[in-house]
Amino acid sequence: MTTWHNHLPTGMNARDFEIESSETLPSLWAKVWRNSPQRNVLYDEDSGWVTGGDLLRRSELAARKLAAAGIISGDRVVLSGSSSTDFVICHVAILRLGCVVVPANGAYREEEIKHVIQDCRPSAAIVDNSAWEPWIKNIDSTIIVTSLQIPLPNGPTIPLDQVNSGDPAYIGYTSGTTGRPKGALLSHRNLVSSVRALELAWRWVKDDTLILTLPLFHMHGLGVGIHGGLTVGCKIILQKNFDPEKVIEASEQFKASMFFGVPTMYSRLVESPRAPELKRLRLCVSGSAPLSADLHMKFEEITGQKVIERYGMTETVMLVSNPYDLERRAGSVGFPLPGVEVRLSEELSEIEVSGPNIFEGYWQNPDANSEAFNDGWFRTGDIGQLDDDGYLSIVGRAKELIISGGYNVYPREVEDVLNQHPDVKECAVVGQMSVEWGETVVAYIVSDRQFDDEELKLFAGTYLTDFKRPRITYGVDALPRNALGKVQKHRLVEGKVTD
Ligand code: MCA
Ligand code: AMP
């Protein structure tokens, strides 16, 4: 499906724009900052503005500290913290040193972070959660610092920005169909090509100001918001937590032009009496979960903004987007982005994709890699439908996945935890429709006694990050199974076993 020319500005020829580049993220950024060292780039409430010159200098100092501690090019470095300019400086430093950044959710419980560490074997972990220190400490020889200021001794000058575009840059943990997340490894080439496509498709320029309240430990906040913003050289306003009023205030205070969010954020924004003020933005983008056509239209009625819905994955960065100039169709994710090719598999209509943005493979996981590709095309696990105009809609999932508020929850991971409860005989975890969250995690339990919602939520919370905990527990006599004994989750609806 080659409809990506629909993203081009009128009069522009596809040959006029390079999606593929031999550049790396830090080399592109360093160029931008050297050209305009005085220009404000990043803002957070605690630290104020950071300029291009500050970013160059402070990322170099941080990289030198890491190098002096023995970290070398190619090493993995885990990075976790709330959104701040310090977080971004650490991220830039890791990449400038040629290391691979492994972002991690700061709310991970012991088993979750231990799994990441044991799987990717990082040389260092820079985290702002000191509770993690004892959990990480005894694994290999990982150096752990519990402050984004990197409290390590200064180091001598070292060469920076030496990596090549094919070198690894990022490992994002995702897709735990087997119960445990896998590390998706992306190169600079993958990350740069996606950012280039977005720059073109969304007319993203240095005069833009982006309000970014998404967490920076996922592809949406980091790979789209931060990488895109730093590459085009626009201003980025970071906010630690999503608060509709603060977003609206920032749109006024900073004369902002762009906002990126997940559907839950849009559903909260429309509830604000000040939502009409968002009309001053140039562009609102939604992704990570389906944006209902209702919400799309309600947001437009209130704010005048026609949201661009787009579709992406950790493994692929961004794949498909509604067009900037043509119709932004509610309920559809649009056309393949420049450089991306999309096809639907014959049997299932599973969306399969190829392009320079597609990841290099799962970290040290040959079995997962052979399953993930079909003849060189990456299998997304999402079911698609194309309309006559070439717009793609996501109509289902071939993979077991719940998306709650833009966070992915793998039922198997939650079931493995619930099965550890002595009174749970059997369980099935599914997503239940929710206006606010898209889907809510709920558990169906077979037990000799009754559970209230709080009990299993609390139990699961000992092992799992907050958003993975089941919000509702339903007791059932038995789980519905097919002749082969496989649980038929589609028959578990609103607390009942249906026919
Ligand atoms: C918070 N809670 C959640 C979620 N977030 N529960 C279920 N699902 C969630 N997503 C819990 C809290 O722990 C708390 O639990 C309760 O819900 C209420 O919290 P609240 O303060 O209302 O939530 P919040 O802190 O305001 O967070 C809502 C949020 C957040 C801002 C929508 O979930 C968020 O930032 N989501 C974005 C995730 C994201 O960036 N995904 C991108 C993945 P309790 O009441 O028990 O204390 S990358 C990706 O998907 C690909 C690449 C792509 O296409 O983008
Ligand atoms: P992740 O593994 O966190 O990268 O999540 C990727 C998954 O999020 C995709 O495979 C889709 O199932 C889902 N996703 C992302 N964007 C959208 C969207 N706009 N509409 C529906 N699902 C989406």
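Before reading further, recall that the structure is shown in the block above.
Here's a quick rundown of the structure. Given the structure is predicted, the values throughout are model-derived calculations rather than measurements. (Residues numbered from 1 in each chain as written. Chains lettered and ligands numbered in written order. Predicted model: local features only at pLDDT ≥ 70, side-chain atom pairs only at ≥ 80, totals over all residues. Heavy atoms only, no water.)

## Regarding the site of ligand 1
Step number 1: Looking at ligand 1, there are 25 residues lining it, with Ser288, Arg310, Ser404, Arg469 and Arg471 nearest.
Step number 2: The side chain of Arg310 places a nitrogen or oxygen atom 2.7 Å from an oxygen atom of ligand 1.
Step number 3: In the complex, 76% of the free accessible area of ligand 1, which totals 1,000 Å², lies under the protein chains.
Step number 4: Those elements giving two or more residues to the shell around ligand 1 turn out to be helix H7 (219–232), helix H9 (263–269) and strand E13 (308–313).
Step number 5: When grouped by side-chain class, the residues that make up the shell around ligand 1 number 10 nonpolar, nine polar and six charged. (Near = heavy atom within 4 Å. Polar contact = N/O pair within 3.5 Å; in protein donor to acceptor, adjacent residues only side chain to side chain. Areas by Shrake-Rupley, 256 points an atom, 1.4 Å probe, with all protein chains shown as cover. Helix = DSSP H or I, 4+ residues; strand = E, 2+ residues; numbered from the N terminus. Nonpolar A, V, L, I, M, F, W, Y, C, P; charged D, E, K, R; others polar.)

## Examining the nonpolar core
Step number 1: In this structure, Ile126, Trp202 and Phe259 are the most contacted members of the largest nonpolar core, which totals 108 residues.
Step number 2: When residues in this core are grouped by element, the largest group, eight residues, is from helix H3 (residues 85–96).
Step number 3: Aside from chain neighbours lying at most four places away, what touches Phe259 is Leu210, Ile211, Thr213, Phe242, Val247, Met265, Tyr266, Leu269, Leu281, Leu283, Cys284 and Val285.
Step number 4: Among the nonpolar cores identified, the runner-up in size contains 19 residues, and Val78, Val100, Val102 and Tyr173 belong to it. (Core = buried A, V, L, I, M, F, W, Y, C linked by side-chain atoms within 4.5 Å. Buried < 20%, exposed > 50% of the residue type's maximum accessible area, 1.4 Å probe, protein only. Contact = heavy atoms within 4.5 Å.)

## Observations regarding the packing of helix H6 (residues 188–201) against H7
Step number 1: The geometry of H6 relative to H7 is characterised by a closest axis approach of 9 Å and an angle of 70 degrees between their N-to-C directions. Comparing their axes, H7 and H6 come out roughly perpendicular. Residues Leu191, Val195, Arg196, Leu198 and Glu199 of H6 touch H7, and the partners they reach there are Met219, Gly223, Val224, His227, Gly228, Thr231 and Val232.
Step number 2: Residues of the contact of H6 with H7, tallied by class, amount to six nonpolar, four polar and two charged. (Axes fitted to C-alpha atoms, helices over the stretch in contact; angles between N-to-C directions. Parallel < 35°, antiparallel > 145°, perpendicular 65-115°, else oblique.)

## Comments concerning H6
Step number 1: An ideal rise of 1.5 Å per residue puts 20 Å on 14 residues; H6 measures up with 20 Å between its terminal C-alpha atoms.
Step number 2: Buried residues dominate H6, accounting for 13 of its 14 residues.
Step number 3: Phi turns positive, to about 55 degrees, at Arg203, one or two residues after H6. (Expected span 1.5 Å × (residues − 1).)

## Observations concerning the site of ligand 2
Step number 1: Around ligand 2, a shell composed of 17 residues is seen, among which Arg310, Thr314, Asp382, Lys399 and Asn408 lie nearest.
Step number 2: One of the side-chain N or O atoms of Asp382 is found 2.6 Å from an oxygen atom in ligand 2.
Step number 3: In the model, an oxygen atom of ligand 2 is placed 2.8 Å from a nitrogen or oxygen of the Asn408 side chain.
Step number 4: Summarising the interface, the protein chains cover 92% of the accessible area of ligand 2, which totals 500 Å² for the free molecule.
Step number 5: With five residues, E13 is the single largest residue contributor to the shell around ligand 2.

## With respect to the sheet that holds strand E12 (residues 283–286)
Step number 1: The mixed open sheet is built from nine strands, whose spatial order is E2-E1-E10-E9-E11-E12-E13-E14-E15. Looking at the sheet topology across the chains shown, the edges are occupied by strand E2 (48–51) and strand E15 (335–336).
Step number 2: With four bridges joining them, strand E11 (residues 258–261) and E12 adopt parallel strand pairing. The residue of E12 that forms the bridge with Phe259 is Cys284.
Step number 3: Sheet contacts for helix H2 (residues 52–68): strand E1 (40–44) and E2; angle to E2, the most-contacted strand, approximately 75 degrees. (Pairing = 2+ DSSP bridges.)

## Section: the side chain of Gln488
Step number 1: Here Gln488 is to be found in the loop between strand E26 (472–475) and strand E27 (492–493).
Step number 2: Apart from residues no more than four positions distant in its own chain, Gln488 is found in contact with Pro480, Arg481 and Asn482.

## Description of the pairing of strand E10 (residues 235–238)
Step number 1: When E1 meets E10, the two strands line up parallel, connected through two bridges. When the bridges of E10 are listed, Leu42 appears paired with Ile236.
Step number 2: The pairing of strand E9 (residues 209–212) with E10 spans four bridges and is parallel. Looking at the pairing, Thr209 lines up with Lys235 of E10.
Step number 3: Read as a crossover between parallel neighbours, the route from E9 over H7 to E10 is right-handed. (Right-handed = clockwise from strand over helix to strand, strands pointing away.)

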